[in-house]
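# A look at the structure
Here are the chains, one letter per residue:
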Amino acid sequence: LSVIYDPFDRGRLLKGIFYTLLLCVVSGAIALLTGVLGAIAIHGRASLVGGAVRIACSWARTTPPLLQMYMLYFGVGSILAANYSVIVSPLIVALITLSLYHGAIILSAVSEALPQIEKPKSGSRFNLHTVRLALEKSTVGVQSALSNLVKATSVASAISVPEMLSAITGIIADQGNVHAMMGLMMVTFYVISTIWMFLIVRGEAWLMNRGVRHGDH
């Protein structure tokens, strides 16, 4: 393994792991926020806003993330560069795409859970209390969307984001140690996925414990 004795390859691998973690954490947070706010908008009083959110959610869910990245980076990005001299960052495009795609999945899960929650007698239907209950009822869908993020980050290598897959394929191209690096990539992805899932489960447990302390049913 060249990453053990070669500082340059080791730096590339560590940089790739950092970008993979960055994509997971930032996209996961934005996706969760987008999903919750989108679900509230769909079930809110503004029908036009809710309809627009439904259309956007449907597009984001049914369009492959790679195609979305290509559309934003090569399509919109080329227009901005040609007409306004604005260079679009591939990292920003990857964050937006992963956030929208997984946010749409979370939105659908939370949106299905919201109608099952009884409206509080004392106030608005959509507050922190009802949002927490909706997240508890949509645990499986939210967990599935967030757990998929680790695997989905590898798609960002298609637009030159230096995440782990991009780093390892670069090392393979220079060193030729295909089997060793592929094995290392599988192990690293497994470790990252395991830690990520542990954090998600802990977050859900914390959410449920807060609900129990507040007397939620």
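Residues numbered from 1 in each chain as written. Predicted model: local features only at pLDDT ≥ 70, side-chain atom pairs only at ≥ 80, totals over all residues. Heavy atoms only, no water.

Counting its regular elements, the protein contains nine helices and zero strands. The order of α-helices and β-strands along the protein, N terminus first, is α-α-α-α-α-α-α-α-α. Expressed as a percentage of the 217 residues in the protein, the buried residues total 41%. The long-range share in the protein, meaning contacts at least 24 apart out of those at least 6 apart in sequence, stands at 76%. Carbon together with sulfur atoms contributes 68% to the accessible area of the protein, which is approximately 12100 Å² in total. On the protein, the mean spot of the 15 positive side-chain charges and the mean spot of the 9 negative ones are 12 Å from each other. (Helix = DSSP H or I, 4+ residues; strand = E, 2+ residues; numbered from the N terminus. Buried < 20%, exposed > 50% of the residue type's maximum accessible area, 1.4 Å probe, protein only. Contact = heavy atoms within 4.5 Å. Areas by Shrake-Rupley, 256 points an atom, 1.4 Å probe, with all protein chains shown as cover. Lys, Arg positive; Asp, Glu negative; His and termini not counted. Charge placed at Lys NZ, Arg CZ, Asp CG, Glu CD.)

Take unusual backbone geometry next. Of note in this structure, S85 is not a glycine but carries a positive phi near 55°. By secondary structure assignment, the location of S85 is in the loop between helix 4 (65-84) and helix 5 (90-113). We classify S85 as exposed; its relative accessible area is 65%. In this model, S160 sits at a positive phi of 70°, which is unusual for a non-glycine residue. In this fold, S160 is placed in the loop between helix 7 (139-152) and helix 8 (164-175).

What follows is about the nonpolar core. In terms of nonpolar packing, the biggest core is built from 46 residues, with L13, L23, V110 and V161 touching the most fellow members. Looking at this core, the elements with two or more residues in it are helix 2 (7-42), helix 5, helix 6 (128-137), helix 7, helix 8 and helix 9 (178-213). For V110, the contacting residues outside a window of four places in its chain are A39, A134, L135, S138 and V142. Counting seven residues, the second largest nonpolar core, distinct from the first, contains A41, V53, C57 and L107. (Core = buried A, V, L, I, M, F, W, Y, C linked by side-chain atoms within 4.5 Å.)

Attention now goes to the pattern of salt bridges. Within this structure, the stated rule accounts for two salt bridges. Each of D9, R12 and D174 takes part in salt bridges that share partners, so that together they form one network. (Salt bridge = Lys/Arg side-chain N within 4 Å of Asp/Glu carboxyl O.)

A pair of packed helices is characterised by two quantities: the angle between their axes and the separation of those axes. As a packed pair, helix 4 and helix 5 sit with axes 9 Å apart at the nearest point and diverge in direction by 140°. One way to sum up the angle between helix 4 and helix 5 is to call them oblique. Two packed elements cross with a definite hand, and for helix 4 against helix 5 that hand is right-handed. Residues P65, Q68, M69, L72 and Y73 of helix 4 pack against P90, V93, A94, I96, T97, L98 and Y101 of helix 5. (Axes fitted to C-alpha atoms, helices over the stretch in contact; angles between N-to-C directions. Parallel < 35°, antiparallel > 145°, perpendicular 65-115°, else oblique. Left-handed = near helix turned anticlockwise from the far one by under 90°.)

Note that every value here comes from positions in space, so none of it alone points to a role or purpose.
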